[in-house]
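What the coordinates show
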Amino acid sequence: MAERKNIAIKDAENIVQSIMQDYSQSRPIDKKDDFYDQPDKDEIIDIIDKLFKIVYPGYFIERTYKGYNAENQLATLIEDVMYRLHRQIIKAMQITPQSVAMCEEKIDHCAYVVTVDFLKKIPRIREYLEGDLEAALEGDPAARNYDEIVLAYPGLYAITVSRLAHELFLLDVPLIPRIMTEHAHSLTGIDIHPGATIGRHFFIDHGTGIVVGETTVIGDNVKIYQGVTLGALSTRGGQKLKGVRRHPTIEDNVTIYSGASILGGETIIGHDAIIGSNAFITSSIPAGTRVSIRQQELQYSGTKRTGEKDFSDDTWVI
């Protein structure tokens, strides 16, 4: 046993040295020295949870507090989020090229101002979320009440995180908004870039597989179903397309059914349009238009069984 243990120790040492040597090639994947200066993903996720307790009081109660006094709990939550978000924004700002010309005091001050500005926007964010909640109840006959939507609907969760992250995105906070929306993506299957602009009364039904790109603009009273992509027509330009309008505009009162793909920065879906399932759209659609796919042909073929006709060479078209 002792000999086997010594062999295992030696093997482990060799593996460590091999991996350390692999780390030394100065590739992006080798970055390790400033680990503790980067934003903490777990900390940001915890901040999201606390923001939900601020945005939806009574639905998500901080159970570590004794008793329940709304004002005292809110004050504690705000102080906690303010301190922790400020620290994470400092870390996010420090790893940007712009920070080279800024002293620590300047970064600290800018991060504090951004934190306060963001928290001041919460009443406006809640105003939009109230409309999203109403849209979900009005748009889904399976919804029994608001409680079910807030506590169980992945669409509202993704929209809430998106609206919070979008405000940080508008304040030019690096990295953190994307961590937030990708966390929501991992939980819900709904991928909304924090740069996307979303109007009032937005409803996502079911939601799985939805993609909303960075430069997408969505108007008021829009409803989209699972599997919808609001994407770029092509990303072959890579970083050369950064800052270029790549994603579509969806005007007011539009419904987009499951599996539809709407692509391109010049594509505009006019108000009151209805886009049917599995439509593939790369050019603008006039207001009030109904877009649908003609019934697709289903082809059936089978193999011969005992006592049955051989359908292997037959094709049924429906």
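Higher on the page you've got the structure.
Below you will find a few notes about this structure.

Rules of the game
- Residues numbered from 1 in each chain as written.
- Predicted model: local features only at pLDDT ≥ 70, side-chain atom pairs only at ≥ 80, totals over all residues.
- Heavy atoms only, no water.
- Helix = DSSP H or I, 4+ residues; strand = E, 2+ residues; numbered from the N terminus.
- Buried < 20%, exposed > 50% of the residue type's maximum accessible area, 1.4 Å probe, protein only.
- Contact = heavy atoms within 4.5 Å.
- Areas by Shrake-Rupley, 256 points an atom, 1.4 Å probe, with all protein chains shown as cover.
- Salt bridge = Lys/Arg side-chain N within 4 Å of Asp/Glu carboxyl O.
- Pairing = 2+ DSSP bridges.
- Phe/Tyr/Trp six-rings, centres within 6.5 Å; stacked < 30°, edge-to-face > 60°.
- Core = buried A, V, L, I, M, F, W, Y, C linked by side-chain atoms within 4.5 Å.
- Polar contact = N/O pair within 3.5 Å; in protein donor to acceptor, adjacent residues only side chain to side chain.
- Expected span 1.5 Å × (residues − 1).
- Axes fitted to C-alpha atoms, helices over the stretch in contact; angles between N-to-C directions.
- Parallel < 35°, antiparallel > 145°, perpendicular 65-115°, else oblique.
- Left-handed = near helix turned anticlockwise from the far one by under 90°.
- Nonpolar A, V, L, I, M, F, W, Y, C, P; charged D, E, K, R; others polar.
- Patch = residues over 30% accessible without salt bridge, like charges linked within 9 Å, V, L, I, M, F, W, Y side chains within 5 Å.

Scanning the protein from N- to C-terminus turns up 8 helices and 16 strands. Split into buried and exposed, the 318 residues of the protein put 39% on the buried side. Sequence separation of at least 24 residues holds for 45% of the intrachain contacts in the protein that already meet a minimum separation of 6. For the protein, the computed accessible surface area is about 19100 Å², with 52% contributed by carbon and sulfur atoms.

In the structure shown here, the tally under the stated rule is 13 salt bridges. Of the charged contacts in the structure, one is a salt bridge between Asp 80 and Arg 84, with a shortest N-O distance of 3.3 Å. Separated by 4 residues within a single helix, Asp 80 and Arg 84 lie in helix H3 (residues 70-94), roughly one turn from each other. Three or more residues joined by partner-sharing salt bridges are found here, namely Glu 43, Asp 46, Lys 50, Asp 80 and Arg 84.

Pairing between the strands of a sheet comes from backbone hydrogen bonds, and it takes one of two forms, parallel or antiparallel. Overall, parallel pairing links the 5 strands, which are arranged E3-E6-E9-E12-E14 in an open sheet. Whereas interior strands pair on both sides, the edge strands pair on one side only; in this sheet they are strand E3 (203-205) and strand E14 (290-291). Here E3 pairs with strand E6 (residues 223-225) via 3 bridges, running parallel. Each bridged residue has a counterpart across the sheet, and for Ile 204 the counterpart in E6 is Ile 224.

On to the packing of aromatic side chains. Considering all chains together, one arrives at 6 aromatic pairs under this definition. When the centroid spacing of 5.7 Å and the interplanar angle of 85° are considered together, the rings of Phe 52 and Phe 60 count as edge-to-face. With a relative accessible area of 25%, Phe 60 lands in the partly exposed category. Look at Tyr 225 and Tyr 257: their rings are 4.9 Å apart centre to centre, the planes differ by 20°, and that puts the pair in the stacked class. Taken together, the residues Tyr 225 in strand E6 and Tyr 257 in the loop between strand E9 (255-256) and strand E10 (261-263) connect sequence positions 32 residues apart.

This part covers the sheet that holds strand E1 (residues 191-192). Taken in spatial order, the 5 strands of this open sheet run E1-E4-E7-E10-E13, and their pairing is parallel. Across the chains shown, the open sheet's two edge strands, defined by having one partner strand only, are E1 and strand E13 (280-281).

Let's shift gears to the nonpolar core. The nonpolar side chains of soluble globular proteins are, as a tendency, buried together. Counting 69 residues, the largest nonpolar core has Leu 51, Met 180, Ile 250, Ile 256, Ile 269 and Ile 275 as its most contacted members. Among the elements of the structure, helix H2 (41-55), H3, helix H4 (104-120), helix H5 (122-139), helix H6 (146-152), helix H7 (154-170), helix H8 (176-188) and E3 are those that each provide at least two residues to this core. Per-element accounting of this core gives the leading share, 8 residues, to H7. In contact with Met 180, not counting residues within four places along its chain, are Ile 44, Ile 48, Val 161, Leu 164, Ala 165 and Leu 168.

Quick look at unusual backbone geometry now. If you check the backbone angles, His 206 has positive phi at about 70° while not being a glycine. With respect to the helices, strands and loops of the structure, His 206 is situated in the loop between E3 and strand E4 (211-212). Judged by relative accessible area, which is 54%, His 206 ranks as exposed. The phi dihedral of Asp 272 is positive, around 65°, even though this residue is not glycine. Within the secondary structure layout, Asp 272 lies in the loop between strand E11 (268-269) and strand E12 (274-275). Classification of Asp 272 by relative accessible area gives partly exposed; the value is 39%.

Attention shifts here to the environment of Gln 25. Relative to the helices and strands, Gln 25 resides in the loop between helix H1 (2-23) and H2. Side chain to side chain, Gln 25 and Asp 22 meet in a polar contact 2.9 Å long.

Turning our eyes to something else, we now look at H5. Helix length check: H5, at 18 residues, gives a terminal C-alpha distance of 25 Å against a target of 26 Å (1.5 Å per residue), a fit within 8%. Looking at H5, one finds that the buried residues are Ile 122, Ile 125, Tyr 128, Leu 129, Gly 131, Asp 132, Leu 133, Ala 135, Ala 136 and Gly 139.

Two numbers describe a pair of packed helices, the interaxial angle and the distance between the axes. With their axes 11 Å apart at the nearest point, H5 and H7 run at an angle of 155° to one another. By the angle class used here, H5 and H7 are roughly antiparallel. As for the relative orientation of H5 and H7, their crossing is right-handed in sense. Facing H5, whose interface residues are Arg 124, Ile 125, Tyr 128, Leu 129, Asp 132 and Leu 133, H7 presents Leu 156, Ile 159, Thr 160, Arg 163, Leu 164 and Glu 167. Per-class residue counts for the contact of H5 with H7 are 7 nonpolar, 1 polar and 4 charged.

So, about a nonpolar patch on the surface. Together, Ile 15, Val 16, Ile 19, Met 20 and Tyr 23 make up a nonpolar patch on the protein surface, roughly 440 Å² of accessible area in all. On the secondary structure map, Ile 19 appears in helix H1. According to the relative accessible area criterion, Ile 19 is partly exposed, its value standing at 40%.

In short, the description is geometric, and any link to function would need to be established separately.
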